[in-house]
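A structural walkthrough
Okay, here's what each chain looks like letter by letter:
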Amino acid sequence: MPKALDKSIEKCGASRPLFNKAIRPAQPEHTFGMGGAFLLKPVNSGGHAAYQNRVLDQLRKYYPDADTSLDSATWEIMELFWNLDLSPVDQLMQDQYSVFGPPPRLPSDMLRSYLLSMKFKIPSLTSWASSLKQNFLYAILSGFSVGDTPGVGTFYDFIRRLWLSEDNNLSDPVHPPKAKPKKPSKKGQKADPVEKVTVYDLLDRFELEPPQDFAPAGRLFEIFRSLFLDKSVAEGLIDLENLALSGDGTPVYTGARERKTRTCDCLEKGIRDCECDRIYHQPDCNIGWDSHRDRYYFGYDLYMLTASDSENDLPVFPLLGPASRHDSHGFLYNYFSMLQFLPQAHVSKLLLDSAHDAMAYYEYCRDHGIQPFIDLNDKCGRPPVYKDDFTIGNDGVPICKEGFRMRRDGTESSKGRTKFKCPRISFAGGSPACTCEHPCSDAAYGRTVHLVLKDNPRLFNDPPRSSKEWKQEYSARTSSERCNKREKIDYKLEDGRHRSSKMWYCRLFAIMMCQHLDAWALPKSSTLKDFFRQAA
């Protein structure tokens, strides 16, 4: 080894074997010299083409009969990653690497390998690092040279660089015990909020000062947005300029119980339920109520905003909150975080379930030009009488004093009202006549009622809840549930078994990236297989 290099090693504090191990002759494009000095930040001078060449060369060497020996499902994954250009990640991650120390692995290769672990359903980084050494195909598709794959510590180091905080969690691990939600009285019913704040208060606070819970995951979202979300927009899968959002929360189980350590000696004194501080090992998680399984659980509440008008139920923005957080609050945390990180999105429609049925939502939508499609919650009630002698049904349709549902007769958008007519009018005999035993009007067409939208934007919608237009639009709300199912069942989100929000966010975003990747249209013929056959 030249003396100049030997001295530079001693000055940087690295041992001689470490420097020798860091030199990878098979991938010389990762580092380059300038003025006799080595730049140790990740540099990918060959771009995505260099990755494709490495894949072809090693496939030809280690899998000469790959076109017949590998099944179609494996070839589909190979084709997806062959066309996935992650080289911009190398530039995005430059600020997370030092100019000192051994040359790093390419961030694009590390991210590609992490995504492959999701596709092949290997949730443990330790198991994945071992699989890279045993299964040559995993290493080749990741972009590594066979026999020169990263260890588990390298993966954890890469994930650390994706997280923009020195703390692995978002909240202080030392705090008093928190109250868990009260068990609902009915099966399948969601628990009431435990937060001592109303939707109005939370909405007013976030309009002035948006939540900062998502800030440490900002780099993850930047990669997701620039390489995956923007491409889905470019392919017409999502319309950010006219975005219809569907939102829903889902439980994420992270452990069988809450792990905590006492900081007091109350237990020795016989006091078990003291309010003294505990050290919580998963401080961002707590106990919540799973309304689907009707039981308590420990973990997160994952609130996902999904593009409801996308055929593939594509995710737009996630947020992990404590399990006890109610959906009516979870949406506000998520939505105002999204406005910070995705300001170019113009939301035109909101599709939410009855847990979000609060007047504050309707007033916000009215003031910001958003069309709400929110199911009514019976617990929120409705005015007993409208215009002296009419009541309002569960779907916002007026009911006359005789108990008949009125018939919709159009909407006057210019006047902001919807018109309903008497349902008992008959045209038998050529002229209209009311067939009710006790007519409520002498008019030929019976009683007419105008529902003024500004009187109660919660009950009176345009289009009305009783209309086919509203029901057809609202049916797309289930896209958020299908998106959550895709993440939790198909990609086994809860198999991660992590202890920090850093790891859970990295796993979640990797799965979201795979969801977008699956939705992209591939060439009709396999480009990789064609090149492979030509090379053979």
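Attention in this report is confined to the structure presented alongside it. (Residues numbered from 1 in each chain as written. Predicted model: local features only at pLDDT ≥ 70, side-chain atom pairs only at ≥ 80, totals over all residues. Heavy atoms only, no water.)

So, a negative patch on the surface
Taken together, the side chains of Glu166, Asp167, Asp172 and Asp277 present a region of like negative charge at the surface. Mapped onto the elements of the fold, Glu166 is located in the loop between helix H10 (152-162) and strand E3 (174-175). Overall, Glu166 belongs to the exposed group, its relative accessible area being 82%. (Patch = residues over 30% accessible without salt bridge, like charges linked within 9 Å, V, L, I, M, F, W, Y side chains within 5 Å. Areas by Shrake-Rupley, 256 points an atom, 1.4 Å probe, with all protein chains shown as cover. Salt bridge = Lys/Arg side-chain N within 4 Å of Asp/Glu carboxyl O. Lys, Arg positive; Asp, Glu negative; His and termini not counted. Charge placed at Lys NZ, Arg CZ, Asp CG, Glu CD. Helix = DSSP H or I, 4+ residues; strand = E, 2+ residues; numbered from the N terminus. Buried < 20%, exposed > 50% of the residue type's maximum accessible area, 1.4 Å probe, protein only.)

Quick word on the packing of aromatic side chains
One pass over the structure, following the stated rule, counts 30 aromatic pairs. Note on Tyr303 and Phe331: the rings are 6.1 Å apart at their centroids and 70 degrees apart in plane angle, and the pair reads as edge-to-face. Of the two residues, Tyr303 is situated in strand E8 (residues 295-307) and Phe331 in helix H13 (residues 327-341); the sequence distance between them amounts to 28 residues. Judged by its relative accessible area of 1%, Tyr303 falls in the buried class. Residue classification places Phe331 among the buried residues on the basis of a relative accessible area of 3%. Taken together, the ring pairs connect Trp163, Phe214, Phe221, Phe224, Phe317, Phe341, Tyr505 and Phe509 into an aromatic cluster. When the ring centre of Phe144 is taken as origin, the NZ or CZ atom of Arg105, which lies over that ring, is 5.5 Å away. (Phe/Tyr/Trp six-rings, centres within 6.5 Å; stacked < 30°, edge-to-face > 60°. Lys NZ or Arg CZ within 6 Å of the ring centre and 35° of its normal.)

Thoughts on the nonpolar core
Ranked by internal contacts, the top residues of the largest apolar core, which has 112 residues, are Leu115 and Phe509. With 13 residues, the top contributor of residues to this core is helix H17 (residues 501-519). Ignoring sequence-local partners within four residues, the contact set of Phe509 consists of Phe214, Ala217, Leu220, Phe221, Phe224 and Pro318. Grouped together as the second largest cluster of nonpolar side chains are 12 residues, Leu376, Phe390, Met406 and Leu459 included. (Core = buried A, V, L, I, M, F, W, Y, C linked by side-chain atoms within 4.5 Å. Contact = heavy atoms within 4.5 Å.)

Thoughts on the pattern of salt bridges
Throughout the structure, instances matching the rule amount to 23 salt bridges. Asp109 is the partner of Arg112 in a salt bridge, and the nearest nitrogen-oxygen pair spans 2.7 Å. Pair noted here: Arg112 and Asp109 are both in helix H7 (residues 107-119), with a separation of three residues, about one helical turn. The exposure class assigned to Arg112 is buried, which follows from its relative accessible area of 2%. What makes Asp109 buried here is its relative accessible area of 1%. Where salt bridges share partners, they join Lys119, Lys485, Arg486, Asp490 and Asp518 into one cluster.

Observations regarding the sheet that holds E3
Here three strands make up an open sheet; going across it, the order is E3-E6-E5 and the pairing antiparallel. Each edge of the open sheet carries a strand with a single partner, namely E3 and strand E5 (260-262). One ladder, built from three bridges, connects E5 with strand E6 (residues 278-280); its direction is antiparallel. Residue pairing in the sheet places Arg262 in a bridge with Arg278 of E6. (Pairing = 2+ DSSP bridges.)

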